[in-house]
Amino acid sequence: MKLSSKIAAGALLLIVFASVFANFLAPHGYDEQFRDAISAGPSHRFPLGTDDLGRDRFSRLLYGSRVSLVLAPAAALFSTLLAGLVGGLAGMFGGRCEKVLMMGTDLVLSLPWLFLLIAVRAVLPLDCAPPLSVTITFLLLGCLGWAPAARVVRAAARDVRSSAFALQARVCGISETRLFWRHLLPNLRPVLAAQFLISVPVFIITEANLGLLGLGVAEPLPSWGSMLRELENLGTVLQDPIRNPGPLCTVVMLVLVVSCFQLLLRSRAEELG
Amino acid sequence: MSAPLLDLRLTVDYTNKPGVLRDVHLEIQRGEVVGLIGESGSGKSTLALSIMRLLPGQAAAPRGQIQFDGRDLLRLKGSQMRAIRGREIAMVLQSPILALNPALRIGTQMAETWRAHEKDASRWRERALATFELVALPWGAELLERFPRQLSVGQAQRVLIAMAILHRPRLLIADEPTSALDAITSAEVLALFKTLSRELNMAMLFISHDLLSVAALCDRLAILRRGELVESGPTAEIFQNPTHGYTRALISAVPQHPMAAPVSNDLMALSEFTRGQNEAEPVKAPAHV
């Protein structure tokens, strides 16, 4: 294993460790307010200071990693599986099946997803529990995010369909369904893995963007995205540039870790030829 | 004489290229090795894929009939045809490295081939190993763990042959199985086909562009040119008395270099004999090149 992948694995382990043991590591609760120390700077008591409601930023950072680490990969996995199924079937069987599936893909691509998200959130009852609402949001993201990946997967599946080894499998009397599951999907694995790793940071950042509109993780639950909102006001950032480096650093770190795994995957794929 | 194992009369058109096969008539007896010779684009592979009913999408449905053991393959349902593919009629493709799935171990691919026709999935291993022995593949059980990229071209071709004969088919179609191999490996593989057809009493349709290299293997030859069967008959008869000008041209296209390794002395003598009957003396290659 190369040094870069070692570092990436170490960083990922650190983030996973922090999020799993947030209960023990965090000095305070994520929603615990300290009225005596509002917008305080870093100190022994608050390692990263407090936000404008007097909550410990460090504790919120630890708890916030759970959203990024669990929901984003879950949504990415879901959308990648959908992409594999739709793109794989379309590329494999071609003809009318491909036309219908690709029309569906284009339809999903043309949906104004932001309006859809706002509409869904508007339909949900106001007293909907924050964890439930955020799960629904990510599920929706997963449902909408598969379309671009499906096109990539379809292109790869078409290559497999016309390949000599697909003909070989047919010559041996292997059925089309078995050909799809046993011969096509393993060959799409690198493409699917790449699509998964690409969508993880996209979903993390989308969550941050949604947080800006109040569609992300609802208060008081912390997430890296909602914590980044503290940086949305240029005035405060200019006043105190290193005020809240936590979520920015961790988001960048996680995205870098994921990209590093992407590179590792590609170099391994190249090695295998 | 009993009815032939395979009796086909076939016309195939591609949408952008009509007349790929024009009323080709071919018979193969049980256990007989028939060589189908023709240049590139003469329709050899189309004929092979038509028998398997695996022509690509741009081809119109083949017209005519393919009688295999009393059934017309062209009239079978898709599922019935699938049951025949690989079990009764098997095929060896021409590019061994490409024809193996790069993502799967050899063992997985053998198991898949076995499971395509057998419910009892547990017996694939012993059958695969026995078949490896039959095609003289080294390593035995260790080979099952390997990936295609870890094999040489010759080994990959033997694995493909093993996959094709796993179910001991009655007819084996070999579509230029030696075209990707070097001369020595190709000679070994040809010898292997000869042994297999004898030991398994398996009929073979051996497709090639190289008349001389397969002649020693085949009981009968059929010469295909631009979608038409110009000549067919027992191998010796075709060499002694080719009736069609194209066949004569093929026979005299044998390497003339004095250092060229004779594939079979008998056949060289035969081709010398036929050359004498031609008025035009073929151009001899210079001794020093």
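Residues numbered from 1 in each chain as written. Chains lettered and ligands numbered in written order. Predicted model: local features only at pLDDT ≥ 70, side-chain atom pairs only at ≥ 80, totals over all residues.

## Brief notes about the overall build of chain B
Stage number 1. Counting secondary structure elements, chain B contains 12 helices and 10 strands.
Stage number 2. For chain B, buried positions account for 42% of its 289 residues.
Stage number 3. Long-range contacts, defined as pairs at least 24 residues apart, comprise 68% of the intrachain contacts of chain B with a sequence gap of at least 6. (Helix = DSSP H or I, 4+ residues; strand = E, 2+ residues; numbered from the N terminus. Buried ≥ 20, exposed ≤ 12 C-beta atoms within 10 Å, placed from the backbone. Contact = placed C-beta atoms within 7 Å.)

## Quick look at the overall build of chain A
Stage number 1. Across its full length, chain A holds 11 helices and 0 strands.
Stage number 2. Scanning chain A from its N terminus toward the C terminus, one meets helices and strands in the order α-α-α-α-α-α-α-α-α-α-α.
Stage number 3. Seen through its principal axes, chain A has C-alpha atoms that stretch 75 × 50 × 35 Å.
Stage number 4. Taking all 273 residues of chain A together, 37% fall into the buried category.

## As for helix 11 (residues 245-252) of chain B
Stage number 1. Turning to helix 11 of chain B, its buried residues number three or more, namely B:Thr247, B:Leu250 and B:Ile251. Down the axis of helix 11 of chain B, the buried set is contained in an arc of 95°. They therefore lie on one face. (Arc of directions from axis to C-beta.)

## Side note on the interface of chain A and chain B
Stage number 1. At the junction of the two partners, chain A supplies 18 residues and chain B supplies 22 residues.
Stage number 2. Sorting the residues of the side of chain A that touches chain B by element identifies helix 7 (164-171) and helix 8 (176-212) of chain A as the ones contributing at least two each.
Stage number 3. The leading source of residues in the side of chain A that touches chain B is helix 7 of chain A, at 6 residues.
Stage number 4. Along the lines of polarity and charge, the residues of the side of chain A that touches chain B split into 8 nonpolar, 7 polar and 3 charged. (Nonpolar A, V, L, I, M, F, W, Y, C, P; charged D, E, K, R; others polar.)

## Quick notes on the sheet that holds strand 4 (residues 63-68) of chain B
Residues and elements named next belong to chain B.
Stage number 1. Spatial strand order, 2-1-4-5: 4 strands in an open sheet with antiparallel pairing. Among the strands making up the open sheet, the edge pair consists of strand 2 (17-28) and strand 5 (71-72).
Stage number 2. Sheet topology places strand 1 (residues 6-14) next to strand 2; 7 bridges connect them, and they run antiparallel. Bridging from a neighbouring strand, leucine 8 pairs with leucine 26 of strand 2.
Stage number 3. Taken strand by strand, helix 1 (residues 44-52) contacts strand 1, strand 2 and strand 4, and its axis lies near 115° from that of strand 1. (Pairing = 2+ DSSP bridges. Axes fitted to C-alpha atoms, helices over the stretch in contact; angles between N-to-C directions.)

## Side note on the sheet that holds strand 9 (residues 220-225) of chain B
Residues and elements named next belong to chain B.
Stage number 1. Taken together, the 6 strands give an open sheet; going across it, the order is 6-7-8-3-9-10, and neighbouring strands pair in mixed fashion. What marks the edges here is a single partner per strand, and that holds for strand 6 (89-92) and strand 10 (228-234). Looking at each pair of strands side by side, their axes are set apart by 15° on average, direction ignored.
Stage number 2. Relative to strand 8 (residues 203-208), strand 3 (residues 33-37) is paired through 5 bridges, and the arrangement is parallel. Within the sheet, the bridge partner assigned to isoleucine 37 lies in strand 8 and is serine 208.
Stage number 3. Packed onto the sheet, helix 7 (residues 153-164) meets strand 6 and strand 7 (171-175) and runs at close to 175° relative to strand 6.
Stage number 4. Sitting on the sheet, helix 11 touches strand 3, strand 9 and strand 10, and the angle it makes with strand 9 is about 110°.

## Details of the pairing of strand 10 of chain B
Residues and elements named next belong to chain B.
Stage number 1. Note that strand 9 and strand 10 share 6 bridges and pair antiparallel. Paired with isoleucine 223 across the bridge in strand 10 is glutamate 231.
Stage number 2. The loop that links strand 9 with its antiparallel partner strand 10 comprises 2 residues; one of these, arginine 226, has a positive phi angle of about 45°.

## Some details on the confidence of the model for chain B
Residues and elements named next belong to chain B.
Stage number 1. On average, residues of chain B carry a pLDDT of 80, and 86% of them reach 70 or more.
Stage number 2. Averaged over each element, pLDDT in chain B is lowest for helix 12 (residues 265-277) (49) and highest for strand 6 (91).
Stage number 3. Low pLDDT, under 50, characterises residues 273-289; the predicted model gives this stretch 15 contacts beyond four residues in sequence or across chains.
Stage number 4. Overall fold confidence for the complex sits at a pTM of 0.73, while the interface term, ipTM, reaches 0.77. (pLDDT = per-residue confidence, 0-100.)

## Observations concerning the environment of A:Ala208
Residue and element names in this part refer to chain A.
Stage number 1. Residue placement: alanine 208 occurs in helix 8.
Stage number 2. Under the C-beta neighbour-count criterion, alanine 208 is labelled buried, with 21 such atoms within 10 Å.
Stage number 3. Sequence separation of alanine 208 and leucine 13 is 195 residues, and the distance between their C-alpha atoms is 22 Å.
Stage number 4. Alanine 208 has contacts with Trp224, Gly225 and Leu228, leaving out every residue within four places of it along the chain.

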